[in-house]
Amino acid sequence: MTEDFDKMARIEREIEKRMESACEKDGWVVSVAMMPPKSTTLHIEKFGESPIDAEDEKAALERAVAFASDEFGTKAEIARDEERIPNTRAPYHVMLRLKVDATARVAELAA
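Values in this document were obtained by computation on a predicted structure and should not be read as measured data.

(A) Highlighting the overall build of the protein chain. Regarding its fold elements, the protein chain presents three helices and four strands. Secondary structure elements of the protein chain, listed N to C terminal, follow the sequence α-β-β-α-β-β-α. Expressed along its principal axes, the backbone C-alpha trace of the protein chain runs to roughly 45 × 25 × 20 Å. Total accessible area on the protein chain is roughly 6800 Å²; 52% of this is exposed by carbon and sulfur atoms. Of the charged side chains in the protein chain, 17 are positive and 24 negative, and the gap between their average positions amounts to 1 Å.

Listed below in structure tokens is the structure:
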């Protein structure tokens, strides 16, 4: 049982490293949550001292969607959250979440 968790953590980290290379530009950061693989969530987010520029956000989303398509071969379901966190150095926060089915990709990486 522990081996399965270790294998999933390794696979999740491998995918996250590839997403970092593809998407972490201009202050955007990424993370991957893969439990279970069928509803894997790719996060890309940015904090700013001023509101996040719409063109900057669009470019980040395009990179993330292209990564999801290349990595998993499926369409991503996209959600967006925005908040302003008062009394902080970088109060503007935008998070984009892409939900994908990573089942086939996990099977490939686990083999």
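(B) Focus on unusual backbone geometry. Of note, the phi angle at Asp 26 is positive, near 55°, even though the residue is not glycine. Positionally, Asp 26 belongs in the loop between α1 (2-23) and β1 (29-33).

(C) Layout of the side chain of Thr 41. Tracing the chain through its elements places Thr 41 in strand β2 (residues 40-48). Looking at Thr 41, its side chain comes within polar contact range of the side chain of Lys 99, at 3.3 Å. Leave out the neighbours within four places in its chain, and Thr 41 touches Ser 31, Val 32, Ala 33, Arg 97, Leu 98 and Lys 99.

(D) Up close: the sheet that holds strand β4 (residues 92-100). Pairing is antiparallel in the open sheet, where four strands are placed in the order β1-β2-β4-β3. The sheet is open, and its two edges are formed by β1 and β3 (77-84), each paired on a single side. Sheet twist, expressed as the average angle between the axes of neighbouring strands with direction ignored, equals 20°. Here β3 pairs with β4 via eight bridges, running antiparallel. Opposite Glu 83, over in β4, you have His 93 as the bridge partner.

(E) Here's a closer look at the nonpolar core. One finds Ile 15, Met 19, Leu 42, Ile 44 and Phe 72 to be the most contacted residues of the largest nonpolar core, which totals 24 residues. With near-sequence residues (within four places) excluded, Met 19 lies in contact with Glu 24, Val 30, Val 32, Leu 42, His 43, Ala 64 and Phe 67.

(F) Fine view of the side chain of Glu 45. Its location among the elements puts Glu 45 in strand β2. Buried and without a salt bridge, Glu 45 has Arg 97 as its closest oppositely charged side chain, separated by 9.2 Å. Within the local environment of Glu 45, its side chain forms a polar contact with the side chain of His 93, the two groups lying 2.6 Å apart. Non-local contacts of Glu 45, meaning those with residues more than four positions away in its chain, are made with Gly 27, Trp 28, Val 29, His 93, Val 94 and Met 95.

Rules behind the numbers
Residues numbered from 1 in each chain as written. Predicted model: local features only at pLDDT ≥ 70, side-chain atom pairs only at ≥ 80, totals over all residues. Heavy atoms only, no water. Helix = DSSP H or I, 4+ residues; strand = E, 2+ residues; numbered from the N terminus. Areas by Shrake-Rupley, 256 points an atom, 1.4 Å probe, with all protein chains shown as cover. Lys, Arg positive; Asp, Glu negative; His and termini not counted. Charge placed at Lys NZ, Arg CZ, Asp CG, Glu CD. Polar contact = N/O pair within 3.5 Å; in protein donor to acceptor, adjacent residues only side chain to side chain. Contact = heavy atoms within 4.5 Å. Pairing = 2+ DSSP bridges. Axes fitted to C-alpha atoms, helices over the stretch in contact; angles between N-to-C directions. Core = buried A, V, L, I, M, F, W, Y, C linked by side-chain atoms within 4.5 Å. Buried < 20%, exposed > 50% of the residue type's maximum accessible area, 1.4 Å probe, protein only. Salt bridge = Lys/Arg side-chain N within 4 Å of Asp/Glu carboxyl O.

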